[in-house]
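Reading the structure
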Amino acid sequence: MKIDSEKQNDIKKALGKRAASLVKNGMIVGLGTGSTANCFIESLIERCKEGLKIEVVSSSTHSLKRAEKGGIPLADMNFITKIDLTVDGADEIDPYNRMIKGGGGALVREKILASSSRQMIVIVDETKLVNQLGDFGLPVEIISFGYSATIFKLKELGYDGELRKLDHELYKTDNGNYIFDIRSPKRFLTPEKDDDVIKKIPGVVDTGFFFNMATSVLVGYANGNVKLRKAR
Ligand code: A5P
């Protein structure tokens, strides 16, 4: 389904506000990446200005800079073993809360944060709800060394796609790696199997599949409602 961009922004703001209202004093909070996560960060900045005392770790330089500019105290992820709550968006989410992420190129750091979090709240507008993962494609982070050989292996196994570009240059993640966006197969019927196969290829750092990570999903609807969705 399509929602016009102005309405979609309002939905993202409502999602960000709702997620920020769930943050409590003393928490270490993980910041996701992307336009929906940005709305969460903006609402969190407001709450901090009103006296909320937290520290944040970030899944991207972009989100980190925004939080820093907004005056939220930063913690160093290299010295954190457990995050209380991470809030992040998703590119697709299925009825079992399996997700595809990485549209913003931050999938590896997002997964490190999500997997280290006691709670992960995913905030998505209803356009992100799918029955089967895959229409979005699957971002895969690969190291730059020998990338042609890595891509050759991916393609040999039937995972066609292309290297992500930005301004006609190869896109580099915050980790200095490339993103290969798998476009085929169009849908992933057995995403766990695909994940295993892809991650066994030397040079692959990680995929944009996120399984068993979301503890809650907040869905924003075009009619303005925000609802908590239970996993099947
Ligand atoms: C960032 O790498 C992604 O995983 C984002 O969470 C995802 O792309 C959602 O972004 P939007 O909120 O901008 O749709």
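Residues numbered from 1 in each chain as written. Predicted model: local features only at pLDDT ≥ 70, side-chain atom pairs only at ≥ 80, totals over all residues. Heavy atoms only, no water.

Quick word on the sheet that holds strand S4 (residues 92-93)
One open sheet holds the three strands; their spatial order is S4-S5-S13, and the pairing between them is antiparallel. Of all the strands in the sheet, just S4 and strand S13 (209-210) have a single pairing partner and so form its edges. One ladder, built from two bridges, connects S4 with strand S5 (residues 99-100); its direction is antiparallel. The partner of Ile93 across the bridge, within S5, is Met99. (Pairing = 2+ DSSP bridges. Helix = DSSP H or I, 4+ residues; strand = E, 2+ residues; numbered from the N terminus.)

With respect to the layout of surface pockets
There is about 270 Å³ of room inside the largest pocket. Lining the largest pocket are Val57, Ser58, Ser60, Thr61, Leu64, Ala75, Asp76, Met77, Asn78, Arg109, Ile112 and Leu113. For the lining of the largest pocket, the elements supplying multiple residues, two or more each, are strand S2 (55-58), helix H3 (61-69) and helix H4 (107-115). It is H4 that provides the largest number of residues to the lining of the largest pocket, a total of three residues. By volume, the second largest pocket amounts to about 150 Å³. At three residues, the largest contribution of residues to the lining of the second largest pocket is made by helix H2 (residues 35-49). Split into classes, the residues belonging to the lining of the second largest pocket amount to three nonpolar, nine polar and four charged. (1 Å grid on protein atoms, 1.4 Å probe; cavity = no way out; pocket = protein on both sides within 12 Å on 5 of 7 lines; lining within 4 Å. Points joined across faces, edges and corners; volume = space filled by probe spheres on them. Nonpolar A, V, L, I, M, F, W, Y, C, P; charged D, E, K, R; others polar.)

Some thoughts on H2
Helical geometry: 3.6 residues make up each α-helical turn, so side chains three or four residues apart lie on a common side. With 15 residues, H2 extends 21 Å from end C-alpha to end C-alpha; this agrees with the ideal 21 Å at 1.5 Å per step. What H2 keeps buried is the set Thr36, Ala37, Cys39, Phe40, Ile41, Ser43, Leu44, Ile45 and Cys48. At the exit of H2 stands Gly51, carrying a positive phi of roughly 120°. (Expected span 1.5 Å × (residues − 1). Buried < 20%, exposed > 50% of the residue type's maximum accessible area, 1.4 Å probe, protein only.)

A closer look at the site of the ligand
Contacts to the ligand come from 16 residues, most closely from Ser35, Thr36, Asp91, Glu110 and Lys128. Backbone polar atom of Gly104 to an oxygen atom of the ligand: 3.2 Å apart, as the coordinates give it. Gly105 has a polar backbone atom sitting 3.3 Å from an oxygen atom of the ligand. Expressed as a share of its isolated accessible area of 380 Å², the protein-covered part of the ligand is 91%. In a pocket analysis with a 2 Å cut-off to the grid points, the ligand is assigned to the second largest pocket. Split by residue class, the shell around the ligand holds two nonpolar, nine polar and five charged. (Near = heavy atom within 4 Å. Polar contact = N/O pair within 3.5 Å; in protein donor to acceptor, adjacent residues only side chain to side chain. Areas by Shrake-Rupley, 256 points an atom, 1.4 Å probe, with all protein chains shown as cover. Sits in = over half its atoms within 2 Å of the grid points.)

So, the pairing of strand S6 (residues 117-125)
A large share of S6 lies buried, amounting to seven of its nine residues. Pairing of strand S3 (residues 83-88) with S6, which is carried by five bridges, proceeds in the parallel orientation. Bridged to Thr86 within S6 is Met120. Of the pairings in the sheet, the one linking S6 to strand S14 (residues 216-220) comprises five bridges and is parallel in character. Paired with Ile123 across the bridge in S14 is Leu218.

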